[in-house]
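Fold and contact review
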Amino acid sequence: MIRSEIFRDIAPRLRDQLVICNIGLPSQELHMIDDQPTNFYMLGTMGLASSIGLGLALAQPKTVIAIDGDGSVLTNFGTLPTIANNVADNFILLIIDNGSYGSTGDQPTYAGKKTSLAAVARACGCGNVVECRAEETGKALQAALDSRKMTIIVCKCESGNIKVPVITKDPVVIRDRFMTAVTA
Amino acid sequence: MSINKKIVDDFVANDVTFITTVPCKQLGSVMEEIETRPEIYHIPANKEDEGMGLCAGAFMGGKRPAIIMQNTAIGVTINTLVTLIQFYRMPLPMLISYRGELKESVACQVEMAVHTKALLNQLRIPTYHFHQQDDAREFDTILKYTFMCNKPVAILTDATFWEGS
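Residues numbered from 1 in each chain as written. Chains lettered and ligands numbered in written order. Predicted model: local features only at pLDDT ≥ 70, side-chain atom pairs only at ≥ 80, totals over all residues.

Remarks on the interface of chain A and chain B
Each partner contributes to the interface: chain A provides 27 residues, whereas chain B provides 25 residues. For the side of chain A that touches chain B, the secondary structure elements donating two or more residues are α3 (49-59), α5 (79-85) and α8 (171-183) of chain A. Take the side of chain A that touches chain B: its biggest share by element is eight residues, from α3 of chain A. Looking at the side of chain A that touches chain B residue by residue, the classes come out as 14 nonpolar, twelve polar and one charged. (Contact = placed C-beta atoms within 7 Å. Helix = DSSP H or I, 4+ residues; strand = E, 2+ residues; numbered from the N terminus. Nonpolar A, V, L, I, M, F, W, Y, C, P; charged D, E, K, R; others polar.)

Following this line, the structure appears as structure tokens:
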């Protein structure tokens, strides 16, 4: 399974949650597959989906799912100790780990080589770190939602992209629509 | 009243209750003061762009955020300031220690100090410079201005300012 297939699989579970989605193809794919006002699409700023998600989870009570990539977590490794030390039980970090920088042409990341993001997250002090295969993502996500415990899911999947249009929505529209959904 | 207490009082009075920090020697006392306030959730960040991500999330969750950092962080955060905070029009007060100004003892800090205001100007970030203690009287007004206009706003605080505290 590739990332877009995982999105199609888990879209019904994401629909009712606040979602912070990673820059580039992940946001474009989620936008095409199941655009929702509860989705915040990052149009820039690689690496900060998990930080935005944690800040949002700490600021209000609804469940927040940050969808990140292995390349983006690698670029903002400092996020993992911050998450570990500021526990928000309404926060789920879903790392789609395809071992490559998908949006830039599938160049390999170190997460696809020797580096285990799940092991790094545990070493940083994060509890409830789950590594799963792509096919198990929906089940792992539902378990995390049901547990009401802060959870990090590292979903190991194949690299590969589909053709998707860029997001042309104005960023302020995305943000305003999202903030309205947060308070709904 | 100590300047640290005044600054943190102004944060609280303006409902700024989510503050992220990356330390600087000059800012140690104001961070200690923040730690004493139960109204404020203080979340240390490992890097300033990470801190701005936390602030963006907190803002969308209904909190008023702020970041406290050193001017060297301008170099770290330009992309985040432009593509997250400015692009999505979010307010962000940035209380910044202006290292490399008069009374600096570390030469390397001057290298960033000479670029600080030019970079902020290039980014069209409203910038205030606290040099004397009295300058902090405007801090309350600056916070109100920041949340009125939904922009990042820089408050540079130099060694002479902190020396008077």
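Some remarks on helix α7 (residues 137-147) of chain A
Residue and element names in this part refer to chain A. Three or more residues of α7 are buried, namely Thr137, Ala140, Leu141 and Ala144. Burial along α7 is one-sided: seen end-on, the buried residues are contained in an arc of 100°. Those residues of α7 that are exposed and aimed more than 90 degrees away from the buried face are Lys139, Gln142 and Asp146. Its buried side turned inward, α7 meets α1 (3-14), β4 (91-97), β7 (129-133) and β8 (151-156). Following α7 by one or two positions, Arg148 adopts a phi angle in the positive range, close to 50°. (Buried ≥ 20, exposed ≤ 12 C-beta atoms within 10 Å, placed from the backbone. Arc of directions from axis to C-beta.)

Points about the environment of Ala59 of chain A
When you line up the elements, Ala59 of chain A lands in helix α3. On the basis of neighbour count, Ala59 of chain A is assigned to the buried category, with 24 C-beta atoms found within 10 Å. In this structure, the C-alpha to C-alpha distance between Ala59 of chain A and Ala88 of chain A, residues 29 residues apart in sequence, is 9.5 Å. Not counting the four nearest positions on each side in its chain, Ala59 of chain A is found in contact with Phe18, Gly57, Ala58, Gly61, Gly62 and Lys63 of chain B.

Observations regarding the pairing of strand β2 (residues 41-44) of chain B
Within a regular strand, the side chains alternate between the two sheet faces. All names here are of chain B. As paired elements, strand β1 (residues 16-21) and β2 share four bridges and run parallel to each other. Among the inter-strand pairings, Thr21 is bridged to a residue of β2, identified as Pro44. Following the backbone out of β1, through helix α2 (residues 28-35) and into the adjacent parallel β2, one traces a crossover that is right-handed. (Pairing = 2+ DSSP bridges. Right-handed = clockwise from strand over helix to strand, strands pointing away.)

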